[in-house]
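Structural features, examined
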Amino acid sequence: EKMPPFRIGLVRWDSWLMASMSLDDAINTIDLTGALKFTHYMDFKDAYKSKTNTNLWNLKLADERFHLGRTDHANFRITADDLNVEPAMSFESLSKGFSGNQCRFAANLSVERLTNFTYASGKLQTADFQCLCSLIHTVLPKHLYSQICTENLTKKANANERKRDLFFNNEFFALLVGRDLIELPLSLERSSSVEAKFQCCILRGKSKPPSEIPDIFWTHEIEHHEVGCL
């Protein structure tokens, strides 16, 4: 498979490459970090700037495989004590994990692209998409809902029990719908008739600006915020 024309030094090119090789049953990837000393691009002063770089080139090129591009996704690892090679993440288990999470990864990619990589769903679990998709269905146009909340994703989300409160940035919805921030919680309250065991809310007030690109748009804990909830 041809590698996209990534720019070295920007985010995701290495994660995409690692995942593409680990997901190829003709290639074995080996994690050497237990045996050798490596200096990663993120390991020195100001390196975090790569996470706030507004150059979106690599973000636009990387597909959802980059989620499985960490060293702990390697097929084998070298042990630190005796330098033996031992099995790690097999091709079969990695492929199963990718297949099982692909609808969530695809939803995240849609969120990123629809917000021009301002926001990402990050580590939002499959069950939590019950909450997000309910809010999106309430306040966003139907065509935006279908791009993020596919039938497969909503089916998987509804099959899992959600176990935590979720509070979403007002700015995320306003960016997608192109309406004034204050209108969103009001329209949510007017149209909402859903009762839920756990809170599923949009923050009324302004949230902190993104600290990295893309940044998450949700939190589990809030202080001194008014909310509009399903």
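Conventions we followed
- Residues numbered from 1 in each chain as written.
- Predicted model: local features only at pLDDT ≥ 70, side-chain atom pairs only at ≥ 80, totals over all residues.
- Heavy atoms only, no water.
- Axes fitted to C-alpha atoms, helices over the stretch in contact; angles between N-to-C directions.
- Helix = DSSP H or I, 4+ residues; strand = E, 2+ residues; numbered from the N terminus.
- Parallel < 35°, antiparallel > 145°, perpendicular 65-115°, else oblique.
- Contact = heavy atoms within 4.5 Å.
- Nonpolar A, V, L, I, M, F, W, Y, C, P; charged D, E, K, R; others polar.
- Buried < 20%, exposed > 50% of the residue type's maximum accessible area, 1.4 Å probe, protein only.
- Pairing = 2+ DSSP bridges.
- Patch = residues over 30% accessible without salt bridge, like charges linked within 9 Å, V, L, I, M, F, W, Y side chains within 5 Å.
- Areas by Shrake-Rupley, 256 points an atom, 1.4 Å probe, with all protein chains shown as cover.
- Salt bridge = Lys/Arg side-chain N within 4 Å of Asp/Glu carboxyl O.

1. Observations regarding the packing of helix α5 (residues 129-139) against helix α7 (residues 151-158)
At their nearest, the axes of α5 and α7 sit 9 Å apart, and the two run at 130° to each other. When the interaxial angle is binned, α5 and α7 end up oblique. Contacts from Phe129, Gln130 and Cys133 of α5 reach α7 at Leu153, Thr154, Ala157 and Asn158. Tallied by class, residues from the contact of α5 with α7 come to four nonpolar, three polar and no charged.

2. Re the pairing of strand β6 (residues 200-203)
Both faces of the sheet carry side chains from a regular strand, because those side chains alternate between them. What you see with β6 is no split at all: Cys200 and Ile202 on one side and Cys201 and Leu203 on the other are buried throughout. Bridge analysis of strand β5 (residues 166-168) against β6 gives three bridges, and the strand direction is parallel. Paired with Phe168 across the bridge in β6 is Ile202. Here β6 runs beside strand β9 (residues 227-229); their pairing, made up of three bridges, is antiparallel. What sits directly across from Cys201, in β9, is Cys229.

3. Comments concerning the environment of Glu183
Its location among the elements puts Glu183 in helix α9 (residues 183-191). Along the backbone, Glu183 and Trp218 are 35 residues apart, and their C-alpha atoms lie at a distance of 19 Å.

4. Thoughts on the environment of Lys163
Within the fold, Lys163 resides in the loop between α7 and β5. In this structure, the C-alpha to C-alpha distance between Lys163 and Leu114, residues 49 residues apart in sequence, is 28 Å.

5. A word on a nonpolar patch on the surface
On the surface, a nonpolar cluster with roughly 360 Å² of combined accessible area is contributed by Ile30, Leu32, Leu36 and Phe38. Tracing the sequence through the fold places Phe38 in the loop between β1 (30-31) and α2 (49-52).

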